[in-house]
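Chains, contacts and geometry: an overview
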Amino acid sequence: MTETAARRGRPRDASRDRALLDATLAVLAENGYGGLTTAAVAARAGVSTATLYRRWSSKEDLVIAAAALCTEDLTVQPDTGSLEGDLRALLRDKAAAMTGEGGRLMRALIGEATRSTALAEALAAAFLAPVHERVGTIVRRAVERGEIPPPEDAGLLGDVVVGPVMSRFFLTPEAPDQVDARAAEETADRLLPFVLRALGGRA
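Figured I'd write up the structure that's included with this text. (Residues numbered from 1 in each chain as written. Predicted model: local features only at pLDDT ≥ 70, side-chain atom pairs only at ≥ 80, totals over all residues. Heavy atoms only, no water.)

Secondary structure summary: the protein chain contains 10 helices and 0 strands in total. From first element to last, N terminus to C terminus, the protein chain shows the α and β order α-α-α-α-α-α-α-α-α-α. Looking at the protein chain as a whole, 39% of its 203 residues are labelled buried. Within the protein chain, contacts between residues separated by at least 24 positions form 72% of all contacts whose residues are at least 6 apart in sequence. When the accessible surface of the protein chain is split by element, carbon and sulfur atoms take 52% of a total near 10900 Å². (Helix = DSSP H or I, 4+ residues; strand = E, 2+ residues; numbered from the N terminus. Buried < 20%, exposed > 50% of the residue type's maximum accessible area, 1.4 Å probe, protein only. Contact = heavy atoms within 4.5 Å. Areas by Shrake-Rupley, 256 points an atom, 1.4 Å probe, with all protein chains shown as cover.)

What follows is the structure, encoded as structure tokens:
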């Protein structure tokens, strides 16, 4: 086997991936999205820009991957046995993801997405699509259990869940990183009855 073939077959170093993503978050915190460059991230992580580009092909992809570190729990889909329980778990997860450092970062990215189509599309694919998929699973299980009738417009159900949470945490004067975990959970529980009724369920 040639040296080139050996390099091609070498597995990717997960620790280096994490170092690059942590460096991305650090540069974002210091300079914002507009001031972030791949060169600065690579320098912070102690690697070459070529190493970075072998993992992420664009600045948008890199930032989305870094932000996903703060919201990775949204892909988990626990089956609590009821529509109310499933929605409570989802709302609490979503509220937690929108507070702290992750929430501050997401607020900044959403602001930048209004000026970058590529970033907006990446955000939708990385964060909205998984939530819509999770809501679809929750509703399907509730229909199969006989808790609710089949929805008329299933495509809008994800927005029904995400919208109130985003409005509460992103369109209020209080910054997301100033909301503690307990307050976020209480807010999610207060939203639950309204979301439950919107999907046709009962508390």
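Moving on, there is more to tell.
With that out of the way, let us pick up the side chain of Asp17. The topology assignment puts Asp17 in helix α2 (residues 14-31). A polar contact of 2.4 Å, which involves the side chain of Asp17, links it to the side chain of Arg55. (Polar contact = N/O pair within 3.5 Å; in protein donor to acceptor, adjacent residues only side chain to side chain.)

As a further point, take the environment of Gly34. Mapping Gly34 onto the fold places it in the loop between α2 and α3 (38-45). Sequence separation between Gly34 and Glu112 is 78 residues; the distance between their C-alpha atoms is 8.0 Å. Beyond its immediate chain neighbours, meaning those up to four positions away, Gly34 contacts Lys59 and Glu112.

On to the nonpolar core. Grouped burial of nonpolar side chains is what soluble globular proteins tend to show. Core analysis: the largest hydrophobic core is formed by 53 residues, its most contacted members being Val41, Leu83, Leu87, Leu109, Leu123 and Phe169. Sorting the residues of this core by element identifies α2, α3, α5 (59-71), α6 (83-97), α7 (100-113), α8 (117-145), α9 (157-170) and α10 (181-198) as the ones contributing at least two each. Among the elements that make up this core, the one with the highest residue count is α8 (9 residues). (Core = buried A, V, L, I, M, F, W, Y, C linked by side-chain atoms within 4.5 Å.)

Here the structure, examined in full by the defined rule, presents 0 aromatic pairs. In this arrangement the basic side chain of Lys59 is found over the ring face of Tyr33, its NZ or CZ atom lying 4.3 Å from the centre. (Phe/Tyr/Trp six-rings, centres within 6.5 Å; stacked < 30°, edge-to-face > 60°. Lys NZ or Arg CZ within 6 Å of the ring centre and 35° of its normal.)

Moving on to the pattern of salt bridges. One pass over the structure, following the stated rule, counts 16 salt bridges. Across the pair Asp93 and Arg134 runs a salt bridge whose closest N-O atoms are separated by 3.0 Å. Separated by 41 residues along the polypeptide, Asp93 in helix α6 and Arg134 in helix α8 bring together distant segments of the chain. Taking the relative accessible area as the measure of exposure, Arg134 reaches 1% and is therefore buried. Here Arg140 ties to Glu144 by a salt bridge, and the two come within 3.4 Å at their closest N and O atoms. On the criterion of helical spacing, the pair formed by Arg140 and Glu144 is a turn pair, its members being 4 residues apart in helix α8. Judged by its relative accessible area of 43%, Arg140 is partly exposed. One network of salt bridges, in which partners are shared, links Asp79, Asp86, Arg141, Arg145 and Glu147. (Salt bridge = Lys/Arg side-chain N within 4 Å of Asp/Glu carboxyl O.)

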